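Coordinates in review
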Amino acid sequence: MALQIHYLGWTAFELTTEENTRIVLDPMISGIADAGIPPSPVPVESLFKTEYVLITHAAADHVGQAFEILNNSGATLVCDVATGFAAEEAGVSPDRTYRVVSGCRFEFKDFAVKALMAQHVSFRKTKEGYIFGQPLSYVIETKAGERVFFGGDTSIHRDMMLYGELYKPQLAILGVGGVNMHGQSVTELYPDEAALAAKWLGVRCAIPIHYRFDEGKKFVEELKSKAPEIKGVLMAPGDRFVLRND
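Here's what I pulled together on the structure shown here. (Residues numbered from 1 in each chain as written. Predicted model: local features only at pLDDT ≥ 70, side-chain atom pairs only at ≥ 80, totals over all residues. Heavy atoms only, no water.)

What follows deals with the pairing of strand S5 (residues 76–79). Taking every second residue as pointing to the same face, both faces of S5 are buried, with Thr76 and Val78 on one and Leu77 and Cys79 on the other. When S5 meets strand S6 (residues 97–99), the two strands line up parallel, connected through 3 bridges. Bridge pairing in S6 places Cys79 opposite Arg99. You can see the chain leave S5, run along helix H3 (residues 81–89) and come back into S6, and the turn it takes is right-handed. (Buried < 20%, exposed > 50% of the residue type's maximum accessible area, 1.4 Å probe, protein only. Helix = DSSP H or I, 4+ residues; strand = E, 2+ residues; numbered from the N terminus. Pairing = 2+ DSSP bridges. Right-handed = clockwise from strand over helix to strand, strands pointing away.)

In structure tokens:
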């Protein structure tokens, strides 16, 4: 039993379950030069057979090319309210959209998604003005038993300890850096905080994302001192990792 994890870059992942269900998370593929985000080496067209797209919040560096993927794949969208309205404006049918808030749990083909609170903000400008929604983190659990915590842009909060107790994720995917703004990084979760969050979540391995400099290496170093039982997994865009439930 194994979950195939393909890192697409920045915030984006493709998960493939044991039954070959393809799930894309926060698919920033094109990059944003002004924010210091490079493009993914993975072409967006390769994701047009995606079956599910999960978005944590409506920021451009997390929505990325989600609507293009959805409009070319017929995939199901799971997202916050603000992203849901933006998706509808972009031509995504509401019939394929699950607009969720923290606490919701939905079951799909061979996996389930539990939406959890994230400490952040989610807003989007539409033709009618600005719309706000609740930013989210997710626990993705496959029928085979693999459990992944995907943090989105959350900052640190004590509920992560509760998430570990209740949902027992095996892998955490955590932001450890940020985008460029006025020559500095807008960082919600710093490497030392992310290491503590991973410890609270009780995972056995953790992947740092959403960084531009050496924050990933710092996160792995912080894990070694704060939570040596957790394996830090540094991934470059295009890399693959296998999460086994054994």
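Among the secondary structure elements, Asp214 is positioned in the loop between strand S16 (205–209) and helix H6 (215–226). Among the residues examined, Asp214 registers a relative accessible area of 38% and is labelled partly exposed. Distance in space between the C-alpha atoms of Asp214 and Arg244 is 28 Å, their sequence separation being 30 residues.

With that settled, consider the sheet that holds S5. Pairing is mixed across the open sheet formed by 7 strands, whose spatial order is S6-S5-S4-S3-S2-S1-S18. Each edge of the sheet is formed by a strand with only one pairing partner; in this case those strands are S6 and strand S18 (240–244). Neighbour-to-neighbour, the strand axes of this sheet turn through a mean angle of 20 degrees, independent of strand direction. Where strand S4 (residues 52–54) meets S5, 3 bridges bridge the pair, whose relative direction is parallel. (Axes fitted to C-alpha atoms, helices over the stretch in contact; angles between N-to-C directions.)

Below, the discussion takes up the pattern of salt bridges. The tally for this structure, following the rule as stated, stands at 7 salt bridges. In this structure, the salt-bridge partner of Glu51 is Lys109, at a minimum N-O distance of 2.8 Å. With a gap of 58 residues between them, Glu51 in the loop between strand S3 (22–25) and S4 and Lys109 in the loop between strand S7 (105–107) and strand S8 (111–117) connect regions that are remote in the sequence. The salt bridge partner of Arg105 is Glu107, with a shortest N-O separation of 2.8 Å. The exposure class assigned to Arg105 is partly exposed, which follows from its relative accessible area of 45%. (Salt bridge = Lys/Arg side-chain N within 4 Å of Asp/Glu carboxyl O.)

Further remarks concern the packing of helix H5 (residues 191–201) against H6. Across the interface, H5 lies against H6 with an axial gap of 8 Å and an inter-helix angle of 50 degrees. With respect to each other, H5 and H6 are oriented oblique. Helix-helix and strand crossings are classified by hand; for H5 and H6 the assignment is right-handed. Contacts between H5 and H6 involve Pro191, Asp192, Ala194, Ala195, Leu196, Ala198 and Lys199 from the former and Glu215, Lys218, Phe219, Glu222, Leu223 and Lys226 from the latter. Taken together, the residues that form the contact of H5 with H6 break down as 7 nonpolar, no polar and 6 charged. (Parallel < 35°, antiparallel > 145°, perpendicular 65-115°, else oblique. Left-handed = near helix turned anticlockwise from the far one by under 90°. Contact = heavy atoms within 4.5 Å. Nonpolar A, V, L, I, M, F, W, Y, C, P; charged D, E, K, R; others polar.)

Over the atoms rolls a probe the size of a water molecule, and in doing so it shows where empty space is left. Space inside the largest pocket adds up to approximately 370 Å³. Lining of the largest pocket is provided by 21 residues; of these, Ala59, Ala60, Asp61, His120 and Phe123 occupy positions nearest its centre. Looking at the lining of the largest pocket, the elements with two or more residues in it are helix H1 (60–63), strand S9 (122–126) and strand S14 (178–181). Its residues assigned to classes, the lining of the largest pocket shows 12 nonpolar, 4 polar and 5 charged. Empty space within the second largest pocket amounts to approximately 230 Å³. Around the second largest pocket, the lining comprises 16 residues; the ones closest to its centre are Tyr7, Trp10, Pro38, Tyr211 and Pro237. By residue class, the composition of the lining of the second largest pocket is 11 nonpolar, 4 polar and 1 charged. (1 Å grid on protein atoms, 1.4 Å probe; cavity = no way out; pocket = protein on both sides within 12 Å on 5 of 7 lines; lining within 4 Å. Points joined across faces, edges and corners; volume = space filled by probe spheres on them.)

In this section: unusual backbone geometry. Trans is the prevailing form of peptide bonds, just as negative phi is the prevailing case for residues other than glycine. Residue Lys168 is not a glycine yet carries a positive backbone phi of 50 degrees. Relative to the assigned elements, Lys168 resides in the loop between helix H4 (159–167) and strand S13 (171–175). We note that His182 has phi near 55 degrees; this positive angle belongs to a residue other than glycine. Positionally, His182 belongs in the loop between S14 and strand S15 (184–187).

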